Amino acid sequence: MERLTTRVDHVGRILVPAKLRRKLSIQAGARVVLTWHRGKLQLSTPEMALKEAQDRIARLVPRKVSLVDQLIAERRAEARRESED
């Protein structure tokens, strides 16, 4: 784990050191995601946050299961029930 120190300026901004911005491919004006978890602040990019969420879901769903196929089947069954009423 690499640790770098930075400062908070007089209006509350935190300077992300260039070394980390390069590692994260963060350019000036880019959006970042800040997450507070277990007393720690984590910085990531929206792409990294999406990938993390996808990985979490992937661990919960068996590989051969398609959530898309399940959703489509559920919607079709619901449409059939509604048309029968």
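Attention in this report is confined to the structure presented alongside it. (Residues numbered from 1 in each chain as written. Predicted model: local features only at pLDDT ≥ 70, side-chain atom pairs only at ≥ 80, totals over all residues. Heavy atoms only, no water.)

Comments concerning a nonpolar patch on the surface
Then, number 1: On the surface, Val8, Ile14, Val32, Leu34, Trp36 and Leu41 cluster together into a nonpolar patch covering about 650 Å² of accessible area.
Then, number 2: Within the secondary structure, Trp36 sits in strand E1 (residues 33–37). (Patch = residues over 30% accessible without salt bridge, like charges linked within 9 Å, V, L, I, M, F, W, Y side chains within 5 Å. Areas by Shrake-Rupley, 256 points an atom, 1.4 Å probe, with all protein chains shown as cover. Salt bridge = Lys/Arg side-chain N within 4 Å of Asp/Glu carboxyl O. Helix = DSSP H or I, 4+ residues; strand = E, 2+ residues; numbered from the N terminus.)

Comments concerning the side chain of Ser44
Then, number 1: Within the secondary structure, Ser44 is located in strand E2 (residues 40–44).
Then, number 2: Judged by its relative accessible area of 5%, Ser44 is buried.
Then, number 3: Ignoring anything within four residues of it in the chain, the contact list for Ser44 reads Val32, Val33 and Ala49. (Buried < 20%, exposed > 50% of the residue type's maximum accessible area, 1.4 Å probe, protein only. Contact = heavy atoms within 4.5 Å.)

Regarding the pattern of salt bridges
Then, number 1: This structure, assessed with the given rule, holds five salt bridges.
Then, number 2: Among the ionic pairs, Asp9 bridges to Arg13, the shortest N-O distance being 2.7 Å.
Then, number 3: On the accessibility criterion, Arg13 (52% relative accessible area) is exposed.

Considerations on the pairing of E1
Then, number 1: Across five bridges, the pairing between E1 and E2 is antiparallel. The partner of Leu34 across the bridge, within E2, is Leu43.
Then, number 2: Hairpin connection from E1 to E2: two residues lie between these consecutive antiparallel strands, with Arg38 at a positive phi of about 50 degrees. (Pairing = 2+ DSSP bridges.)

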